[in-house]
Amino acid sequence: MAPKENQWLAHLFMICSNIKLTAPEESIELARLGIHELNQGDSNMDVQRKLEILADAAKYDASCASSGTEKRDSSDGKGMGSTAPGMGICHSYAPDGRCISLLKVLLTNACNYDCLYCVNRASSNVPRARFTIDEVVKLTLDFYRRNYIEGLFLSSGIIRSPDYTMEQVVSVARKLREEHHFRGYIHLKTIPEADDALIAEAGKYADRLSINIEMPDETSLQQFAPEKDVRAIRRTMGRLRLKLDEAEENRGAKTKARPQRFAPAGQSTQMIVGADSASDHTILHTSSNLYGSYKLRRVYYSAFSPIPDASRALPLVQPPLLREHRLYQADWLMRFYGFDVAEIVDDSAMLPLDIDPKLAWALRHRDRFPLDVNRASREELLRVPGFGTKAVERIIATRRTTTIRLADLARLHVPKHKALPFIVLSDHRPSPHRLDDARLIERFKPKATQLGFGF
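Residues numbered from 1 in each chain as written. Predicted model: local features only at pLDDT ≥ 70, side-chain atom pairs only at ≥ 80, totals over all residues. Heavy atoms only, no water.

**Re the packing of aromatic side chains**
Applying the stated rule across the entire model yields 8 aromatic pairs. Between Phe339 and Trp361, the ring centres sit 5.4 Å apart and the planes meet at 85 degrees, which makes this aromatic pair edge-to-face. With Phe339 in the loop between α10 (321-336) and α11 (341-344) and Trp361 in helix α12 (residues 357-364), this pair connects stretches of sequence that are 22 residues apart. With respect to burial, Phe339 and Trp361 carry one shared label: buried. A ring pair is formed by Trp361 and Phe369, whose centres lie 6.2 Å apart and whose planes are at 85 degrees; its orientation type is edge-to-face. (Phe/Tyr/Trp six-rings, centres within 6.5 Å; stacked < 30°, edge-to-face > 60°. Helix = DSSP H or I, 4+ residues; strand = E, 2+ residues; numbered from the N terminus. Buried < 20%, exposed > 50% of the residue type's maximum accessible area, 1.4 Å probe, protein only.)

Here it is, written out as structure tokens:
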């Protein structure tokens, strides 16, 4: 590849990696342009400028990860890319600590809908652009060859109709897979109410499909996105689940015919946090319902970020990012630790920001502690603050052959500071008054620090 082209690709990648909002003076008033006129004028815009606009427009979608798909590689020399074990995408981290990214763009940020919380809404004063199918394919392949990315995350504003938009998105994946034999990771956004045949084709080429439920409460969605229908979103989720279940059954069937592929990494969704008045209990209850009804792999939580020319119905400031973090921790407790929503947070309540939800539960249920690490069940151990799922597995494996002592905790990667008040070991037992002390919570809160003056 010529040095000049290398520099061009490197510059484009920096655009993806270091995204900044476009200055107001560069904005285009979409209300003055019809979608057709916009698409016609878009042909004169170079790929670099399109990437600046459409990579920036995609940054608000947090629902991208590469876990759970089938293993593929191109070691046979017949394709390009892989989904090797441990690979992540889009600010995810591999087990060895590497940050691995993906090309995360919109096919277009033009949209027929006017969702108040969305920077790409129809009435938004932002620059607009649209990639051709070939441009997205070429960018993906070029970035992959330069070892910049491991895959593609592709979404789009809705133009003309859901079917037209979905067909355009699917065409990118089809071309990558069939014409260029791309074997890397592909995540496609599903358009609500798109034709069933298009969804089936999307699952044939994509590793994961996702459709954003947007708001945890139906009333909020009606208020902020009146053109969207929560029932239509859930219908599409239900159709995806049926196809995923069918694909799973076919994989388990003992037949010579190769089962038809459908999104082996499943489906996910995203909710905006803090744009409405929904409590953490409401958000987690909605997530629990989605996991149970549609077998989602992940629910992503995206803290609302104020946008230019925002509606007065939206809050003026964003919620604390720590709230988003606590919701992810609570979500983890539901998925991997056996907690129910009612155990994590009370009705109409919020998660505490100063301590994590598992510690908060333990402090509310001190009567269940201290717990004998050498005798407790796996389910009981998972409820101990500081005990992760891997640590619990190591504890169970170790105690089969020896008695666990205080010195063993470091080797088992257990944070003693958080766990010791709640556990009993052969050479450690917390004093009863320490566990019952009303000031125990102060031990775990972050220490106050003096604010600096910046000089």
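**Let's talk about the nonpolar core**
Counting 114 residues, the largest nonpolar core has Tyr117, Leu284, Phe387 and Phe422 as the members making the most contacts within it. When neighbours within four sequence positions are excluded, Phe422 is seen to be in contact with Leu359, Ala362, Leu363, Phe369, Pro370, Leu371, Val384, Pro385, Leu435, Leu440 and Phe444. (Core = buried A, V, L, I, M, F, W, Y, C linked by side-chain atoms within 4.5 Å. Contact = heavy atoms within 4.5 Å.)

**Remarks on the side chain of His187**
For His187, the position within the fold is in strand β5 (residues 185-189). Exposure remark for His187: the relative accessible area of 0% places this residue in the buried category. Of note is the side chain of His187, whose polar atom sits 2.7 Å from the side chain of Ser210. (Polar contact = N/O pair within 3.5 Å; in protein donor to acceptor, adjacent residues only side chain to side chain.)

**A word on the packing of helix α9 (residues 280-294) against α10**
The interhelical angle for the contact between α9 and α10, taken along N-to-C directions, is 40 degrees, at an axis separation of 11 Å. Overall, the two elements α9 and α10 adopt an arrangement that is oblique. Read as a crossing pair, α9 and α10 show a hand that is right-handed. Contacts from Asp280, Ile283, Leu284, Ser287, Ser288 and Tyr291 in α9 reach Arg323, Leu327, Ala330, Asp331, Met334 and Arg335 in α10. Of the residues belonging to the contact of α9 with α10, the class tally is 6 nonpolar, 2 polar and 4 charged. (Axes fitted to C-alpha atoms, helices over the stretch in contact; angles between N-to-C directions. Parallel < 35°, antiparallel > 145°, perpendicular 65-115°, else oblique. Left-handed = near helix turned anticlockwise from the far one by under 90°. Nonpolar A, V, L, I, M, F, W, Y, C, P; charged D, E, K, R; others polar.)

**Focus: α9**
Its 15 residues place the ends of α9 21 Å apart at the C-alpha level, agreeing with the 21 Å of an ideal helix rising 1.5 Å per residue. Burial in α9 covers these residues: Asp280, His281, Ile283, Leu284, Thr286, Ser287, Leu290, Tyr291 and Tyr294. Where α9 is buried, its residues meet α8 (230-252), β7 (267-273), β8 (298-303), α10 and α11. Residue Lys295 follows α9 closely and has a positive phi angle near 50 degrees. (Expected span 1.5 Å × (residues − 1).)

**So, the pattern of salt bridges**
A complete count under the given rule lists 26 salt bridges for this structure. When the shortest N-O distance is used, the salt bridge between Lys295 and Glu248 registers 3.4 Å. Of the two residues, Lys295 sits in the loop between α9 and β8 while Glu248 sits in helix α8, which places them 47 residues apart along the sequence. With its nearest N and O atoms 2.9 Å apart, the salt bridge here joins Lys418 to Asp356. (Salt bridge = Lys/Arg side-chain N within 4 Å of Asp/Glu carboxyl O.)

**Concerning the side chain of Asp356**
Mapped onto the elements of the fold, Asp356 is located in the loop between α11 and α12. At a separation of 3.0 Å, a polar atom in the side chain of Asp356 contacts the main-chain amide nitrogen of Lys358. Looking at Asp356, its side chain comes within polar contact range of the side chain of Lys418, at 2.9 Å. Setting aside chain neighbours within four positions, we find Asp356 in contact with Arg326, Gln329 and Lys418.

**Quick word on unusual backbone geometry**
Most peptide bonds take the trans form, and the phi angle of most residues other than glycine is negative. Residue Pro370 is reached from Phe369 by a cis peptide bond, and omega for that bond is 0 degrees. Its identity as a non-glycine residue notwithstanding, Glu193 has a phi of 70 degrees, on the positive side. Secondary-structure assignment places Glu193 in the loop between β5 and α6 (196-205). A positive phi angle, near 70 degrees, is found at Glu214, a position not held by glycine. Within the fold, Glu214 resides in the loop between β6 (208-210) and α7 (218-224).

**Some thoughts on the pairing of strand β3 (residues 103-106)**
The side chains of a regular strand alternate between both faces of the sheet. The alternating pattern of β3 places Leu103 and Val105 and Lys104 and Leu106 on opposite faces, both of which are buried. Where β3 meets strand β4 (residues 151-155), 4 bridges bridge the pair, whose relative direction is parallel. When the bridges of β4 are listed, Val105 appears paired with Leu154. Considered for its hand, the β-α-β crossover made up of β3, helix α4 (residues 133-145) and β4 is right-handed. (Pairing = 2+ DSSP bridges. Right-handed = clockwise from strand over helix to strand, strands pointing away.)

**Observations regarding the sheet that holds β5**
Taken together, the 6 strands give an open sheet; going across it, the order is β3-β4-β5-β6-β7-β8, and neighbouring strands pair in parallel fashion. Each end of this open sheet is capped by a strand with a single partner; those strands are β3 and β8. For this sheet, the mean inter-axis angle between neighbouring strands, taken without regard to orientation, is 20 degrees. When β6 meets β7, the two strands line up parallel, connected through 2 bridges. When the sheet's bridge partners are listed, Ser210 is paired in β7 with Ser268. Set on the sheet, helix α5 (residues 162-179) makes contact with β4 and β5; between it and β5 the angle comes to about 170 degrees. Contacts between α9 and the sheet are confined to β7 and β8, with β8 contributing the most and set at about 155 degrees to the helix.

**So, the layout of surface pockets**
Here the largest pocket is characterised by a volume of approximately 860 Å³. As for the largest pocket, its lining consists of 40 residues, of which Asp61, Cys118, Asn212, Glu214 and Gln270 are closest to the centre. For the lining of the largest pocket, the secondary-structure elements that each account for two or more residues are α3 (47-58), β7, β8 and α10. The greatest single-element share of the lining of the largest pocket, amounting to 3 residues, is contributed by β8. The residue makeup of the lining of the largest pocket, split by class, is 22 nonpolar, 11 polar and 7 charged. (1 Å grid on protein atoms, 1.4 Å probe; cavity = no way out; pocket = protein on both sides within 12 Å on 5 of 7 lines; lining within 4 Å. Points joined across faces, edges and corners; volume = space filled by probe spheres on them.)

**Overview of the confidence of the model for the protein**
The pLDDT averaged across the protein works out to 82; a share of 79% of its residues lies at or above 70. Counting contacts from residues 92-98, a segment whose pLDDT is below 50, to residues more than four positions away or on other chains yields 10 contacts. (pLDDT = per-residue confidence, 0-100.)

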